[in-house]
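# Summary of the model geometry
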Amino acid sequence: MKVTIDQDKCVASGQCVTAAAEVFDQRDEDGIVVLLNANPPVELAADVRQAAVVCPALAITVDE
Ligand code: SF4
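The present account deals with the structure reproduced in this document.

Criteria and thresholds
- Residues numbered from 1 in each chain as written.
- Predicted model: local features only at pLDDT ≥ 70, side-chain atom pairs only at ≥ 80, totals over all residues.
- Heavy atoms only, no water.
- Helix = DSSP H or I, 4+ residues; strand = E, 2+ residues; numbered from the N terminus.
- Rg over C-alpha atoms; globule rule 2.2 N^0.38 Å.
- Buried < 20%, exposed > 50% of the residue type's maximum accessible area, 1.4 Å probe, protein only.
- Contact = heavy atoms within 4.5 Å.
- Areas by Shrake-Rupley, 256 points an atom, 1.4 Å probe, with all protein chains shown as cover.
- Core = buried A, V, L, I, M, F, W, Y, C linked by side-chain atoms within 4.5 Å.
- Near = heavy atom within 4 Å.
- 1 Å grid on protein atoms, 1.4 Å probe; cavity = no way out; pocket = protein on both sides within 12 Å on 5 of 7 lines; lining within 4 Å.
- Sits in = over half its atoms within 2 Å of the grid points.
- Nonpolar A, V, L, I, M, F, W, Y, C, P; charged D, E, K, R; others polar.
- Arc of directions from axis to C-beta.

## So, the overall build of the protein chain
Broken down by element type, the protein chain carries two helices and four strands. Listed by position from the N terminus, the elements making up the protein chain come as β-α-β-β-α-β. The C-alpha radius of gyration computed for the protein chain amounts to 10 Å, which stays within 12% of the reference 11 Å derived for 64 residues, consistent with globular compactness. Taken across its 64 residues, the protein chain has 31% of its residues classed as buried. Expressed as a percentage of contacts within the protein chain between residues at least 6 apart in sequence, the contacts between residues at least 24 apart total 55%. Here the protein chain displays about 3,800 Å² of accessible surface, and carbon together with sulfur accounts for 49% of that area.

## Considerations on the nonpolar core
Counting residues in each nonpolar core, the largest one holds 16 residues, and the members touching the most others are Cys 16, Val 23, Phe 24, Val 48 and Ile 60. Counting residues per element, this core draws most heavily on helix H2 (residues 45-54), at three residues.

## Concerning the site of the ligand
Surrounding the ligand, one finds Cys 10, Val 11, Ala 12, Ser 13, Gly 14, Gln 15, Cys 16, Val 33, Cys 55, Ala 57 and Ala 59. One can see that the ligand is located within the largest cavity. Of the residues that constitute the shell around the ligand, the class distribution is eight nonpolar, three polar and no charged.

## A word on unusual backbone geometry
Phi is positive for Ala 12, close to 60 degrees, though the residue is something other than glycine. Here Ala 12 shows up in the loop between strand E1 (2-5) and helix H1 (15-19). A relative accessible area of 27% means that Ala 12 is categorised as partly exposed.

## Re H2
Listed in full, the buried residues belonging to H2 are Ala 45, Val 48, Ala 51 and Ala 52. Buried residues of H2, viewed axially, fall in a sector of 120 degrees; they line one side. Those residues of H2 hidden inside the fold are in contact with E1, H1, strand E2 (24-26) and strand E4 (60-63).

Below, the structure written as structure tokens:
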């Protein structure tokens, strides 16, 4: 699994962090998403897919 984010699209809603805190974080200053792990382990795959689904800005791309 390979994860990419588009910080220009992110609206800092934080849904991704709620879904997968091991993979996503938010910048302290403005809440924009930060990718912690672009190649998460299989145990986190479902959480990462969920994060991509709930992101209101469609800023998360998951390639299986
Ligand atoms: S869920 Fe989407 S819009 Fe919200 S912080 Fe994460 S990447 Fe940004």
